[in-house]
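Each chain, written out:
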Amino acid sequence: GPLGETLLRVRSVSRAFGGVKALNDVSFEVRRGEILGLIGPNGSGKSTLINACSGTVAVEGTIELGGDRIDNRPPWTIHGHGVARIFQNVRLWESMTVLENVMVAYRAPLGQLGSREAHSRSAAHEALTGMGVGHLAHRRAGDLSFGQSRLVEMARAVVNKPRLLLLDEPAAGLRGGLILELSQILQHLRSQGMSILVVEHRIKLVMSMCDRIVVLNLGDKIADGTPAQVMDMPAVIEAYLGE
Ligand code: ADP
Ligand code: MG
């Protein structure tokens with residue numbers, strides 16, 4: 001579909017863990033070719049929302065991707081709809097090469113001709129080059145620095161050209177130069193029409209890279225708008241000062 005059209009539609013999503021309301025009737029949309037920032041104090045429900053969108057947490061309410069229901073579907077089904085994510089604690093296969101790590105994530109489209117090996121190899125090279133780490137393709141993954149591993153995980157997430165990329169604090173643990181690089185990579189993916197839903201707590205980074213922002217506080221959506229609009233809202237300032 002065209003840029004700007006709704007890709008992900010989250011409607012009245014709620015989730016409780018025991019007595020804790022992690023998400024309370026949250027609704028918002030992610031448009032095609034947009035970076036949507038998800039912010040909020042610790043424990044406000046950001047990861048739960050990302051997990052609901054990738055199929056690892058069950059919720060009430062509905063989540064649609066391009067008009068198809070994806071709520072409460074298994075992760076592999078949602079991945080098949082074009083949703084990819086990187087996990088905070090899932091590592092690369094250390095004894096495999098960087099290239100192999102990305103190749104194993106490749107899924108051949110139905111009816112693709114030619115060898116899967118050749119297609120996955122070229123898709124993996126393309127994804128690694130897009131992340132600026134093509135030169136590391138033949139290194140052993142276990143020998144990479146933390147920052148390099150993050151970029152390879154990103155390459156693995158985009159190797160199938162997802163429509164929506166879910167990122168839960170992708171800059172965590174990265175140093176300044178690499179944070180800037182990551183932000184530029186996200187802008188580049190957006191320019192190719194990918195939509196990105198990103199949890200990030202560095203306000204300056206969120207302000208500079210996101211088209212719109214959704215703010216959660218204690219499971220409630222308290223604001224939704226452009227960075228400038230959101231940062232002007234008393235409720236947002238209060239939630240952050242109250243932390
Ligand atoms: P955030 O990512 O914004 O820090 P989370 O989505 O991780 O917040 O958590 C929201 C709330 O739900 C918190 O109170 C957290 O303790 C609770 N929570 C999240 N996941 C679980 C779980 N698997 N079991 C119990 N409580 C959970
Ligand atoms: Mg979290």
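All of these numbers come straight from a predicted model, not from anything done at the bench. (Residues numbered from 1 in each chain as written. Chains lettered and ligands numbered in written order. Predicted model: local features only at pLDDT ≥ 70, side-chain atom pairs only at ≥ 80, totals over all residues.)

Colleague: Help me out: how do you make sense of the nonpolar core in this one?
Modeller: The nonpolar side chains of soluble globular proteins are, as a tendency, buried together. Core analysis: the biggest nonpolar cluster contains 68 residues, and Val102, Ala155 and Leu165 have the highest contact counts within it. Here this core gets six residues from one element, more than from any other, and that element is helix 5 (residues 146-158). When residues of this core are assigned to domains, at least three map to each of domain 1 (1-82 + 162-243) and domain 2 (91-158). Those residues within four positions of Leu165 in sequence are excluded, and the remaining contacts are Ala84, Ala157, Val158, Leu189, Met194 and Ile196. (Core = buried A, V, L, I, M, F, W, Y, C linked by C-beta atoms within 7 Å. Buried ≥ 20, exposed ≤ 12 C-beta atoms within 10 Å, placed from the backbone. Helix = DSSP H or I, 4+ residues; strand = E, 2+ residues; numbered from the N terminus. Domains from an automatic or database assignment. Contact = placed C-beta atoms within 7 Å.)

Colleague: Teacher, can you tell me more about the pairing of strand 4 (residues 60-65) here?
Modeller: One face of the sheet, then the other: side chains in a regular strand alternate in exactly this way. Here strand 1 (residues 6-17) pairs with strand 4 via five bridges, running antiparallel. Note that in strand 4 the partner of Val10 across the bridge is Ile63. Pairing between strand 4 and strand 5 (residues 68-69): two bridges, direction antiparallel. Each residue of the ladder has a partner; that of Glu64, found in strand 5, is Arg69. (Pairing = 2+ DSSP bridges.)

Colleague: What am I meant to see in the site of ligand 1 here?
Modeller: If you check the shell around ligand 1, you find Phe17, Val20, Ala22, Gly40, Asn42, Gly43, Ser44, Gly45, Lys46, Ser47 and Thr48 and nothing else. Broken down by secondary-structure element, the contributors of at least two residues to the shell around ligand 1 are strand 2 (20-31) and helix 1 (46-54). Broken down by element, the residue count for the shell around ligand 1 peaks at three residues, all from helix 1. (Near = placed C-beta within 6 Å.)

Colleague: Any chance you could explain the sheet that holds strand 4 here in plain terms?
Modeller: Backbone hydrogen bonds hold the strands of a sheet together, and the pairing may be parallel or antiparallel. On the basis of which strands lie adjacent, the open sheet formed by four strands has the order 2-1-4-5 and antiparallel pairing. On the outer flanks of this sheet lie strand 2 and strand 5, each paired with one strand and no other.

Colleague: What is the right way to look at the confidence of the model for the protein in this model?
Modeller: Note that predicted coordinates carrying low pLDDT should not be read in detail. Mean pLDDT over the protein: 93, with 97% of residues reaching 70 or higher. Complex prediction metrics read pTM 0.94 and ipTM 0.99. (pLDDT = per-residue confidence, 0-100.)

Colleague: It is not clear to me how the sheet that holds strand 8 (residues 195-199) should be interpreted in this structure. Could you clarify?
Modeller: The strand order across the open sheet formed by six strands is 6-7-8-3-9-10, and the pairing between neighbours is mixed. Bordering the open sheet on either side are strand 6 (83-86) and strand 10 (220-225), each of which pairs with just one other strand. Looking at each pair of strands side by side, their axes are set apart by 15° on average, direction ignored. Direction of pairing for strand 3 (residues 35-39) relative to strand 8: parallel, over a ladder of four bridges. Among the inter-strand pairings, Leu36 is bridged to a residue of strand 8, identified as Leu197. (Axes fitted to C-alpha atoms, helices over the stretch in contact; angles between N-to-C directions.)

Colleague: Looking at this model, I keep getting lost on helix 1. Mind explaining?
Modeller: Within an α-helix, residues lying three or four positions from one another point in the same direction, as the helix has 3.6 residues per turn. Most of helix 1 is tucked away: eight of the nine residues are buried. The set of residues buried in helix 1 consists of Lys46, Thr48, Leu49, Ile50, Asn51, Ala52, Cys53 and Ser54. A positive backbone phi angle near 90° is found at Gly55, which sits one or two residues after helix 1.

Colleague: Help me understand the environment of Ala235, please; the structure alone is not making it clear to me.
Modeller: By secondary structure assignment, the location of Ala235 is in helix 9 (residues 234-241). With 13 residues separating them along the chain, Ala235 and Ile222 place their C-alpha atoms 6.9 Å apart. Ignoring any residue separated from it by four or fewer positions in sequence, one finds Ala235 in contact with Ile222 and Ala223.

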